[in-house]
Amino acid sequence: MSKPIKILLQTTISTTEDDWNISRFSLLRDYLASVKDDAGNHLFQVTARDRESDAQGNDPVLSNLGNSDFDELWLFAVDVGDGLTKQDIAGIEAFNKRGGGILATRDHQDLGCSICDIPIIGVAHYFQTKNPDPDETRHCIDDIYTSSISWPNYHSGRNGDYQKITPVAPIHELLKNPDSPSGIIEFFPAHPHEGAVGVAPDATNGKVIAMGKSLVSGRTFNLAVAFESVKDFEGNQLGRGVAESTFHHFCDYNWDADMGCPSFVDEPPGNTMKTEPRALENVHTYMRNLALWLAHKV
C-alpha cells in the first residue's frame, strides 16, 4: 500500500473566530480526508491549521516547510497584506524546490496580497496596489453591489450558488470528470467578488485552465492557472502549482450557505449549490483531481 499524500491546509491569519479561519474550510478538509482508493485505503492525510507566530514572528510550519514531510500546501491567503514573513516565503520556496505542490488562492482587491512574493505562483496573482493586472482595461470595478470592495472584484454569482465555468481547450487533467455527461468539470462555487489571476509572459510552464463570466458586466475572467513541474536554473525539479482567483471556491459557506460566514459578509446568499445535484459532485471531483495532480499522481 502506498503512503497517503500529506496535505497542509493553511490560512495566513491567526485563529480569529469572526474571520475566514481554517474551521471555515471544514467541508474541504473532511472531504479530502474521506477519499479512498479502490482497495479502501485513504488517499490523503490532511492537516488543517491557521497561521501561528514564533518569537521572531514567523510561522513555525511555513518557515520550515522545505524540511517537512508534507507533499502539498493549500494556502488560503485571507490576510490584508501581512500574512507571510520573508522566512515563511523562503520556507514555501524551499518546499516547492524539493517538489512540493502548491495551491495558492486569495480574494478581491488586495485581500491576500502577501502571496505575491512566492516565486512563480505569486506572480500569477493580480491585486489592486500590488502586482496589478498588466491589462489596464481591467483596472475597474466589476461587482457594483458591494460598494466597499474595489477591483479586481469579478461577480460570478452569490455565495452559495454555483457558476458555470468555461474550461480552456485543450482540457486540463484537473477539469476532467468521467462521471459527468460532458466528461468535464462544469461547475465551481460562485462568489460576488472574485480576484484576478493570469500567466506572466515568461511563465512558459503556466496555463489558464478555466474561465468564469461576470453576471454583472458579462466580462470573462480567469478562474485558475496551472503550472507544470519544471527545472529551475539551479536544477531543482519544482513542484506543480495552481493559482486560483478566490479562496471562496474552497469555503464551507460557498459549498453550503447554511454553514454560515463571518459577520462582515452582508450579501444575500444563494442555494443552487444545494439544489443542483451535479454542482457539489463537480466540486468534489475537482478537489480530488487537484490533490492528486499536485502530487504528480495524474
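Here, every reference points to the structure presented above.
Residues numbered from 1 in each chain as written. Predicted model: local features only at pLDDT ≥ 70, side-chain atom pairs only at ≥ 80, totals over all residues. Heavy atoms only, no water.

A.B. asks: Would you mind going over the pairing of strand S3 (residues 72–76) with me for this structure?
C.D. replies: Regular strands have side chains that alternate between both faces of the sheet. Within S3, five of the five residues are buried, which leaves it mostly tucked inside the rest of the structure. The two faces of S3 match: Glu72, Trp74 and Phe76 on one face and Leu73 and Leu75 on the other face are all buried. The sheet contact formed by strand S1 (residues 5–11) and S3 spans five bridges and is parallel. Residue pairing in the sheet places Thr11 in a bridge with Phe76 of S3. With five bridges joining them, S3 and strand S4 (residues 101–105) adopt parallel strand pairing. Across the sheet, residue Glu72 finds its bridge partner in S4, namely Gly101. (Buried < 20%, exposed > 50% of the residue type's maximum accessible area, 1.4 Å probe, protein only. Helix = DSSP H or I, 4+ residues; strand = E, 2+ residues; numbered from the N terminus. Pairing = 2+ DSSP bridges.)

A.B. asks: Just to check I follow, could you spell out the pairing of strand S12 (residues 241–244) for this structure?
C.D. replies: Here S12 shows no split at all, with Gly241 and Ala243 on one side and Val242 and Glu244 on the other all buried. Strand direction decides the pairing type here: S4 and S12, joined by four bridges, are parallel. Across the sheet, residue Leu103 finds its bridge partner in S12, namely Val242. With four bridges connecting them, strand S11 (residues 220–227) and S12 associate as antiparallel partners. Of the residues in S12, the one forming a bridge with Phe227 is Gly241.

A.B. asks: Mind showing me how you'd approach the sheet that holds strand S10 (residues 206–213) here?
C.D. replies: Where strands meet in a sheet, backbone hydrogen bonds hold them as pairs that are either parallel or antiparallel. Spatially, the eight strands line up as an open sheet ordered S2-S1-S3-S4-S12-S11-S10-S7, and their pairing is mixed. One side of each edge strand has no neighbouring strand; the edge strands of this open sheet are strand S2 (44–49) and strand S7 (166–167).

A.B. asks: Would you take a moment to explain the nonpolar core for this structure?
C.D. replies: Most often, soluble globular proteins have nonpolar side chains that are buried together. With 52 residues, the main nonpolar core has Leu32, Trp74, Phe76, Tyr286 and Met287 as its most contacted residues. Counting only elements with at least two residues in this core, the list comes to S1, helix H1 (26–34), S3, strand S8 (187–189), S10, S11, helix H3 (252–255) and helix H5 (277–294). Ranked by residue count, the leading element in this core is H5, at nine residues. Judged by nonpolar contacts, the second largest core, of 27 residues, contains Phe95, Ile102, Ala104 and Ala203. (Core = buried A, V, L, I, M, F, W, Y, C linked by side-chain atoms within 4.5 Å.)

A.B. asks: Would you mind showing me how to read the packing of H1 against H5 here?
C.D. replies: Angle between the axes and distance between the axes: these two values describe a pair of packed helices. One can describe the packing of H1 onto H5 by two numbers: an axis separation of 10 Å at closest approach and a directional angle of 65°. Classed by the angle they form, the pair H1 and H5 counts as roughly perpendicular. Once H1 is placed against H5, the crossing between them reads as right-handed. Residues Leu28, Tyr31 and Leu32 of H1 pack against His284, Met287, Arg288 and Ala291 of H5. Its residues placed into classes, the contact of H1 with H5 shows five nonpolar, one polar and one charged. (Axes fitted to C-alpha atoms, helices over the stretch in contact; angles between N-to-C directions. Parallel < 35°, antiparallel > 145°, perpendicular 65-115°, else oblique. Left-handed = near helix turned anticlockwise from the far one by under 90°. Contact = heavy atoms within 4.5 Å. Nonpolar A, V, L, I, M, F, W, Y, C, P; charged D, E, K, R; others polar.)

A.B. asks: I keep staring at the pattern of salt bridges and nothing clicks. Help me out?
C.D. replies: Oppositely charged side chains can pair when the atoms bearing their charge come close. Evaluated as defined, the whole model comprises 16 salt bridges. A salt bridge links Asp30 to Arg29, with the shortest nitrogen-to-oxygen separation between them at 2.9 Å. Taking the shortest distance from any N to any O, the salt bridge between Lys97 and Glu93 comes out at 3.6 Å. Taken together, the residues Lys97 and Glu93, both in helix H2 (residues 86–97) and four residues apart, mark about one turn of the helix. Each of Arg49, Glu52 and Asp59 takes part in a single network of salt bridges with overlapping partners. (Salt bridge = Lys/Arg side-chain N within 4 Å of Asp/Glu carboxyl O.)

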